[in-house]
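Topology and contacts: notes
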Amino acid sequence: MTHGLKVTLQAKRTHVTSISERVDPKHRPYYWIDEAQDEWEADERSDYQAVRAGYISVTPLQPDLTAHRAILAVERLLGAPASVARKAAAPRRGAARKKILGKKRGVR
């Protein structure tokens, strides 16, 4: 039984992976990937905390982590032509964005 819904933030965690080389029974080497550390930051508004407390977590996410406002500055540092930098920095909006999202979802 759940306590209901909670709108949450994506939790932050420290995650460290360890990799160890091992040998199988036929004396072939293989690698074992294991979680060496997995610590969650305490945050009452996080999805992790909500689920642990018995709630259904609803976390609005966005896949694009690009710092669009920083692209021009980085392009200038690297000496890229301004027209390339402007085009790369322009986020997709409006009808063009809806058209792209519709194609990804199979909607026309």
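Residues numbered from 1 in each chain as written. Predicted model: local features only at pLDDT ≥ 70, side-chain atom pairs only at ≥ 80, totals over all residues. Heavy atoms only, no water.

Before going further, it helps to spend a moment on the overall build of the chain. Regarding its fold elements, the chain presents four helices and four strands. Going residue by residue from the N terminus, the α and β elements of the chain occur as β-β-β-α-β-α-α-α. Split into buried and exposed, the 108 residues of the chain put 10% on the buried side. Considering only intrachain contacts with a sequence separation of at least 6, the fraction spanning at least 24 residues in the chain is 50%. If you sum the accessible surface of the chain, you get close to 9,800 Å²; carbon and sulfur atoms cover 55% of it. (Helix = DSSP H or I, 4+ residues; strand = E, 2+ residues; numbered from the N terminus. Buried < 20%, exposed > 50% of the residue type's maximum accessible area, 1.4 Å probe, protein only. Contact = heavy atoms within 4.5 Å. Areas by Shrake-Rupley, 256 points an atom, 1.4 Å probe, with all protein chains shown as cover.)

With that out of the way, let us pick up the environment of His3. With respect to the helices, strands and loops of the structure, His3 is situated in the segment before strand 1 (5-7). Separated by 48 residues in the primary sequence, His3 and Val51 place their C-alpha atoms 9.8 Å from one another. Sequence-distant contacts of His3, defined by excluding residues within four places in its chain, comprise Ala53, Gly54 and Tyr55.

As defined by bridge partners, strand 2 (residues 13-23) adjoins strand 3 (residues 29-40) across 11 bridges and the pair is classed as antiparallel. Opposite Arg22, over in strand 3, you have Tyr30 as the bridge partner. If you look at the hairpin formed by strand 2 and strand 3, you'll find five residues sitting between the two strands, and His27 has a positive phi there, around 65 degrees. (Pairing = 2+ DSSP bridges.)

Here the chain averages 82 in pLDDT, while 75% of its residues score no lower than 70. Confidence, read as mean pLDDT per element, is least for helix 4 (residues 94-105) in the chain (51) and greatest for strand 4 (residues 56-58) (97). (pLDDT = per-residue confidence, 0-100.)

Mapped onto the elements, Ser46 comes out in the loop between strand 3 and helix 1 (47-52). Aside from chain neighbours lying at most four places away, what touches Ser46 is Thr8, Leu9 and Ala11.

Moving on: the pattern of salt bridges. Inspection of the entire model under this criterion finds two salt bridges. Across the salt bridge formed by Asp38 and Arg13, the nearest N and O atoms sit 2.8 Å from each other. One end of the pair, Asp38, is in strand 3; the other, Arg13, is in strand 2, with 25 residues separating them in the sequence. Where Arg28 meets Asp24, a salt bridge forms, and the shortest distance between an N and an O atom there is 2.9 Å. By relative accessible area, Arg28 is classed as partly exposed at 47%. (Salt bridge = Lys/Arg side-chain N within 4 Å of Asp/Glu carboxyl O.)

Of note, the phi angle at His27 is positive, near 65 degrees, even though the residue is not glycine. Position of His27 among the secondary structure elements: in the loop between strand 2 and strand 3. According to the relative accessible area criterion, His27 is exposed, its value standing at 69%.

Taken as a whole, this structure holds one aromatic pair when the rule is applied. Over the ring of Tyr55 we find Lys6, and its NZ or CZ is 4.4 Å from the ring centre. (Phe/Tyr/Trp six-rings, centres within 6.5 Å; stacked < 30°, edge-to-face > 60°. Lys NZ or Arg CZ within 6 Å of the ring centre and 35° of its normal.)

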